[in-house]
Amino acid sequence: MSEILQYSFFQNALIIAVLASLAGGIIGTYIVVKRMSMISGSIAHTAFGGLGISYFANVNPLIGAIFFSLAAAVSIAFFRRKAKNRLDILLSFLWATGMAIGLVFIFLSPGYSTDLFTYLFGNILMVERADLWMILILDVIIILTVLVMFNSFLAVTFDEEYAEVRNLPVTFIFIVLFSLIALTVVMMIRVVGIILMIAILTLPAATAQLFSKTLKKIMLYSALITLIATVSGLIISYYLNFATGPIIVLLISMIYLFGIFLSGWKKNSHKTS
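Residues numbered from 1 in each chain as written. Predicted model: local features only at pLDDT ≥ 70, side-chain atom pairs only at ≥ 80, totals over all residues. Heavy atoms only, no water.

Participant: Explain unusual backbone geometry residue by residue, including any values.
Facilitator: Look at Asn58: it is not a glycine, yet its phi comes out positive at around 60°. Tracing the chain through its elements places Asn58 in the loop between α2 (37–57) and α3 (61–83). The backbone of Asn241 sits at a positive phi, close to 55°, despite the residue not being glycine. Tracing the sequence through the fold places Asn241 in the loop between α10 (215–240) and α11 (244–272). (Helix = DSSP H or I, 4+ residues; strand = E, 2+ residues; numbered from the N terminus.)

Shown next, in the form of C-alpha cells:
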C-alpha cells in the first residue's frame, strides 16, 4: 500500500476522491431528498456534448462539459414550471441531444478516441494536474454556495409551495441548485464517468437517508460513504488493473444493499422488542 502512495498520479487520485466525495455528498443529498435523479442524469448526459466539442477542438474536455451542463441546468430550472407534467420530454431531449452532439464531434475528431471510455466510465487514476486544479475550484464554489444559500435550498427542497408563499425567488434558487448539480457532474466525470454518474450521485445519499432524517447528517454520511467507496475502489482497481468507475459503483451498490438490510433488521428488532 505504501509504495503506491509514492506515485503522483495516485496522490492526485486521492485528492480528487476527497473533493468529489464532499461535493457528491452535499449535492447528492438534495438530489435524493427532492427526487431529482432523472434531472441529474439528463444534465450528466448533456455534458457529453460539450466533451465531444472540446475533444474536437483539442482543448480540455471538462471545459466544454461545464458549459453544456450549466446550459442544461439553467434550461431545466427555467422551463421546469412551463413544462409541468411534460418535464420528462425536456429531460429526454437534453439527454439524447447532448449524447448525439458529443458522439458526432468525437467521430469527426482525427485519430482514435482513446479517452472516450475514460469519460463514459471514469478512470480517476488518469486525472491530470490541470484537472485537479479545476475540480478544486469547482469544489470550493459548490461548498461556499451551499453555505450561503443553505436555508433557501432547504425551503425549496422540502416545501416548494411554502417557499413561493414566502416570496422566495424559487426559479432563481433552482437555477443555482441545478447549476451546482452541473458542476458536481463535471467533477464526477473523472471519477465514475457519465454512464455510471447517477449511482454515485444518488446511492450514497439514499443509504445515508436510511439512518438519518436531518439534511446535514445525510450530507455527512453520504460524503463518508462516497469517500470510503472511492478510496477502496482506487486501491482495488490499481491492484486488479481495472477501470476504477465500475469498481467504485459496485462498492457503493453493495453498501446501499447492506444499508437496506441493516435498516430493515433494526426496524424488525424494534418491533419484536
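Participant: Please provide a residue-by-residue account of a nonpolar patch on the surface, values included.
Facilitator: Among the surface-exposed residues, Trp133, Leu136, Val140, Leu144, Leu147 and Val148 lie close enough to one another that they form a single nonpolar patch of about 630 Å² accessible area. Mapped onto the elements, Leu144 comes out in helix α6 (residues 129–158). Classification of Leu144 by relative accessible area gives partly exposed; the value is 48%. (Patch = residues over 30% accessible without salt bridge, like charges linked within 9 Å, V, L, I, M, F, W, Y side chains within 5 Å. Areas by Shrake-Rupley, 256 points an atom, 1.4 Å probe, with all protein chains shown as cover. Salt bridge = Lys/Arg side-chain N within 4 Å of Asp/Glu carboxyl O. Buried < 20%, exposed > 50% of the residue type's maximum accessible area, 1.4 Å probe, protein only.)

Participant: Tell me about the pattern of salt bridges, and name the residues and values.
Facilitator: What the rule picks out here adds up to two salt bridges. Between Lys34 and Glu160 there is a salt bridge, and its shortest N-O distance comes to 3.2 Å. Of the two residues, Lys34 is situated in the loop between α1 (8–33) and α2 and Glu160 in helix α7 (residues 160–165); the sequence distance between them amounts to 126 residues. The residue Glu160 makes a salt bridge to Arg80 at a minimum N-O spacing of 2.8 Å. Here the residue Glu160 occupies a position in helix α7, and Arg80 occupies one in helix α3, the gap between them amounting to 80 residues. Judged by its relative accessible area of 14%, Arg80 is buried.

Participant: Please give an account of the packing of α2 against helix α4 (residues 87–108) that cites residues and values.
Facilitator: Geometrically, a packed helix pair is captured by the angle between its two axes and the distance between the axes. At their nearest, the axes of α2 and α4 sit 7 Å apart, and the two run at 20° to each other. One finds that α2 runs roughly parallel with respect to α4. Along this stretch, α2 crosses α4, giving a crossing that reads as left-handed. The residues of α4 that touch α2, namely those facing Met38, Ile39, Gly41, Ser42, His45, Thr46, Phe48, Gly49, Gly52, Ile53 and Phe56, are Leu87, Leu91, Leu94, Trp95, Gly98, Met99, Ile101, Gly102, Leu103, Phe105, Ile106 and Leu108. For the contact of α2 with α4, a count of residues per class yields 15 nonpolar, eight polar and no charged. (Axes fitted to C-alpha atoms, helices over the stretch in contact; angles between N-to-C directions. Parallel < 35°, antiparallel > 145°, perpendicular 65-115°, else oblique. Left-handed = near helix turned anticlockwise from the far one by under 90°. Contact = heavy atoms within 4.5 Å. Nonpolar A, V, L, I, M, F, W, Y, C, P; charged D, E, K, R; others polar.)

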